[in-house]
Every structure is written in C-alpha cells, then in structure tokens.
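# Observations on the three-dimensional arrangement
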Amino acid sequence: MMAVNIGGTLIVYAGDGTIGRVNLNVAGTTTIAATRTLNFTNIIGNKIFAGAVTINGSWNNTSNESIELRNGLTHSGASFNSGAGTYSFTTNTQTLGGTTGITFDGTVTVTGITLNNAKITTIRGVLNGNATGTWNNNNGSVLNYENATTPMAGGTFNVSTNSNTVNYSGSGAQDIRAVTYYNLITSG
C-alpha cells in the first residue's frame, strides 16, 4: 500500500482534495479553505492528522474511514460529514471548537488525553476512552449524546464545569452516566 507522509502542512485551497486508499500521515496542520472540500473515498489505510485540523469549508467522509486526530479539530465551515468510522483522539490534550457544530455518526474514542468540547458536539456513536482518557465539557459547551451506551464508561466524563450542558438526546432508552452535571437534559 502506498504511504503518503506530509512533513509540513496540508492546505486545500484551490480545489477539492481526495484521500483514497493510502496510509496518510500529516505532521503539520491541515486547513480546508472556505468553499473547498476534503473527501475521504476509501477505508483502506490509516489516516493520521498529527497537527491541528481547521475546517472552513467541508469535510466529507462518505467512505466511513477511521481517523486519528492528535491536535484538535476546529469546524467553522459549511459541513462536516463524519461518516460512521471511528474518530480517535490521542497523543495531546485537544479541543473540539469553531463556530459550527460537529456531529460524529460513529464512535469517538479518547485515549490517554483530555478532549475539551468547546462548542456544540453531537455524538451518535459511542463516546468511549481508556482509563486515562477524559472528556471535558468546557464553559458554554453542549454535548448532544444519542447512543444508548453510557458515555466514557472506560474513562473520565467531566461535565460539571460552569454553564455547560449534556443532552441525552437518543430516540430510545439511554444509560445516563453517574457523575455531577452542571446542566442535564433528557430530550429523546
């Protein structure tokens, strides 16, 4: 299989980008410019983004590729189609931020780090992590959790920060994690 290692930055600015059947490792930051799209078209190969990812355009993972992020994700763009693949947050403390909400249709794992939710995040798959993984809802953030499985059963679920909200919004029965909440909503 082909390996593509980008030692610097990946910028999608003059057209749309496509990542297919390849082992991809981006060491620097990744930026998708407004009106541009980064498409994932094949689940074969590892896709690792070691630098921060900033989406000002569109992220389109219709192939349901699993993605590893090591320095956070900022979405202020037109669309974020996560696909049903697993998004693994590893290596460094990270933040989910930006001006546009992020929805993960698949599993989100937090391994050995703290993942800070700074805006509105929806998780339809399982939110999980290992014993040293922490999900942290920042001040003013919202987590809409739609899965029946208890969030962060294998790690820490810190949702007591001033002015944050967790909304258990699944359409059926959901296991609510036994922790201290600042705002708790059950709307499903």
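Shown above is the structure to which this text applies.
Residues numbered from 1 in each chain as written. Predicted model: local features only at pLDDT ≥ 70, side-chain atom pairs only at ≥ 80, totals over all residues. Heavy atoms only, no water.

### Points about the sheet that holds strand 17 (residues 114–117)
The eight strands are arranged 2-5-8-11-14-17-20-22 in an open sheet whose pairing can be described as parallel. At either margin of the open sheet sits one strand with a lone partner, and together these are strand 2 (10–12) and strand 22 (156–158). Averaged over all adjacent pairs, the angle separating strand axes in this sheet is 10°, with direction ignored. Across two bridges, strand 11 (residues 73–75) lies against strand 14 (residues 94–97) in parallel orientation. Each bridged residue has a counterpart across the sheet, and for Leu-73 the counterpart in strand 14 is Leu-96. (Pairing = 2+ DSSP bridges. Helix = DSSP H or I, 4+ residues; strand = E, 2+ residues; numbered from the N terminus. Axes fitted to C-alpha atoms, helices over the stretch in contact; angles between N-to-C directions.)

### Brief notes about the nonpolar core
Ranked by internal contacts, the top residues of the largest apolar core, which has 37 residues, are Phe-49, Trp-59, Phe-104, Leu-127, Trp-135 and Phe-157. If sequence neighbours within four positions are ignored, Phe-49 has contacts with Leu-10, Ile-19, Leu-24, Val-26, Thr-30, Phe-40, Trp-59, Ile-67, Glu-68, Leu-69, Arg-70 and Asn-71. (Core = buried A, V, L, I, M, F, W, Y, C linked by side-chain atoms within 4.5 Å. Buried < 20%, exposed > 50% of the residue type's maximum accessible area, 1.4 Å probe, protein only. Contact = heavy atoms within 4.5 Å.)

### A look at the pairing of strand 4 (residues 23–26)
Across a regular strand the side chains alternate sides, sitting on one face of the sheet and then on the other. Of the two faces of strand 4, the one lined by Leu-24 and Val-26 is fully buried and the one lined by Asn-23 and Asn-25 carries no buried residue. In this sheet, strand 4 lies alongside strand 1 (residues 3–6) in parallel orientation, the contact comprising four bridges. The partner of Asn-5 across the bridge, within strand 4, is Asn-25. Pairing geometry for strand 4 and strand 7 (residues 47–49), over three bridges, is parallel. For Leu-24, the partnering residue across the bridge sits in strand 7 and is Lys-47.

### Considerations on unusual backbone geometry
For Asn-64, which is not a glycine, the phi torsion comes out positive at approximately 65°. Structurally, Asn-64 is set in the loop between strand 9 (58–60) and strand 10 (67–69). Since its relative accessible area comes to 37%, Asn-64 is described here as partly exposed. Within the chain, Ser-163 stands out as a residue other than glycine whose phi angle is a positive 65°. For Ser-163, the position within the fold is in the loop between strand 22 and strand 23 (165–168).

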